[in-house]
Amino acid sequence: LSIYAAATLFHPPLRMKHFTHVWTGEIAHWIPKMRAAVIKTWNDEYLIPAKAKAAQLQPQPSDSEPPKKKQFTFRYWQQTHDPTKTEFENYADGTPDKDSSSFNGITWWVGMSGKDDFPTLFQYAIDTLSCPAMSTECERVLQQYQEAHYPERNQLIIRPETNHRPSLHSTV
């Protein structure tokens, strides 16, 4: 359930507003559970490892060098992010993007909107949205493989007396 909910949540025109409008009545109690499951996956599999990696890559300041100034546009960040909220909350509770028939969620995440504004959530979204929604294509490929590799075909052997042509091995 959580991967389908995460895929829906990571589609920018939907976000959490979709769940509050669609999951009503008897299923409304699943919204906090779904949100908690998605947050737990993000925290455990993406946020904590990203913080650990960033800590390893952080250069240690030396006593001889003054600290370097960081450049960023605080005014832009302040307009788009609530500093009291996590990266997940800023995205999920944000205003859904305008939906259109040509909207592509993966393009949004890879573009400036997702990758730069939500760096750890970005990888979770790409991993989730890249999963096929149905297994039909996978099953079709497996079926074609099975048809090409039927048991009788596995009994083909090369016989020197038949000029190296494969033939079915008879068990007579």
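Not measured: the values here are computed from a predicted model.

Further remarks concern the packing of aromatic side chains. Counting across every chain of the model gives 12 aromatic pairs. For the ring pair Trp108 and Phe118, a centre distance of 6.5 Å and an interplane angle of 25 degrees mean the geometry is stacked. Linking Trp108 in helix H6 (residues 105-110) with Phe118 in the loop between helix H7 (112-115) and helix H8 (119-129), this pair joins segments that are 10 residues apart in sequence. In this pair, the class of Trp108 matches that of Phe118, namely buried. Among the aromatic residues, ring-to-ring pairing joins Phe10, Tyr46, Tyr91, Trp108, Trp109, Phe118 and Tyr124 into one connected group. The side chain of Lys33 reaches across the aromatic face of Trp30, ending 4.8 Å from its centre.

A positive phi angle is found at Arg15, which is not glycine, with a value near 50 degrees. With respect to the helices and strands, the residue Arg15 is situated in helix H2 (residues 15-22).

This part is about the side chain of Thr128. By secondary structure assignment, the location of Thr128 is in helix H8. Exposure remark for Thr128: the relative accessible area of 6% places this residue in the buried category. Dropping the residues within four chain positions of it, Thr128 is found in contact with Ile3, Ala6, Ala7 and Phe10.

In a pair of packed helices, the angle between the axes and the distance between the axes together describe the arrangement. Relative to each other, H2 and helix H3 (residues 30-57) sit at 155 degrees, their axes nearing to 10 Å. Judged on the interaxial angle alone, H3 and H2 are roughly antiparallel. Judged by the sense of rotation from one axis to the other, the crossing of H2 with H3 is right-handed. Counting all contacts with H2, which are made through Met16, Phe19 and Thr20, the residues of H3 involved are Ile31, Met34 and Arg35. Along the lines of polarity and charge, the residues of the contact of H2 with H3 split into four nonpolar, one polar and one charged.

Criteria and cut-off values
- Within each chain, residues carry numbers counting from 1 in the order of the written sequence.
- The model is predicted, so local features are restricted to residues of pLDDT at least 70 and side-chain atom pairs to those at 80 or more, both for listing and for counting; the totals for chains, interfaces and linings are taken over all residues.
- Only heavy atoms go into the side-chain values, all of them from the structure, while hydrogens and water stay out.
- Between rings of Phe, Tyr and Trp, where Trp is taken as its six-membered ring, a pair exists when centres lie within 6.5 Å; planes separated by under 30 degrees are stacked, by over 60 edge-to-face, and by other angles tilted.
- Strands are runs of DSSP state E lasting at least 2 residues, helices are runs of H or I lasting at least 4, and numbering of each runs from the N terminus.
- Relative accessibility thresholds used throughout: buried, under 20% of the residue-type maximum; exposed, over 50%; partly exposed, between the two (1.4 Å probe, protein chains only).
- In this scheme, Lys NZ or Arg CZ marks a charge over a ring once it lies within 6 Å of the ring centre and within 35 degrees of the ring normal.
- Note on definitions: a residue-residue contact is assigned when non-hydrogen atoms from the two residues lie within 4.5 Å.
- Here an angle of 0 to 180 degrees is reported between the N-to-C directions of two axes, which are lines fitted to C-alpha atoms, with helices fitted over the stretch in contact.
- Throughout this description, any angle smaller than 35 degrees is read as roughly parallel, any larger than 145 degrees as roughly antiparallel, any in the 65 to 115 degree range as roughly perpendicular, and the remainder as oblique.
- Two helices crossing with the near one rotated counterclockwise from the far one by less than a right angle form a left-handed crossing, whereas a clockwise rotation gives a right-handed crossing.
- When residues are sorted by character, Ala, Val, Leu, Ile, Met, Phe, Trp, Tyr, Cys and Pro go into the nonpolar class, Asp, Glu, Lys and Arg into the charged class, and all the rest, Gly among them, into the polar class.

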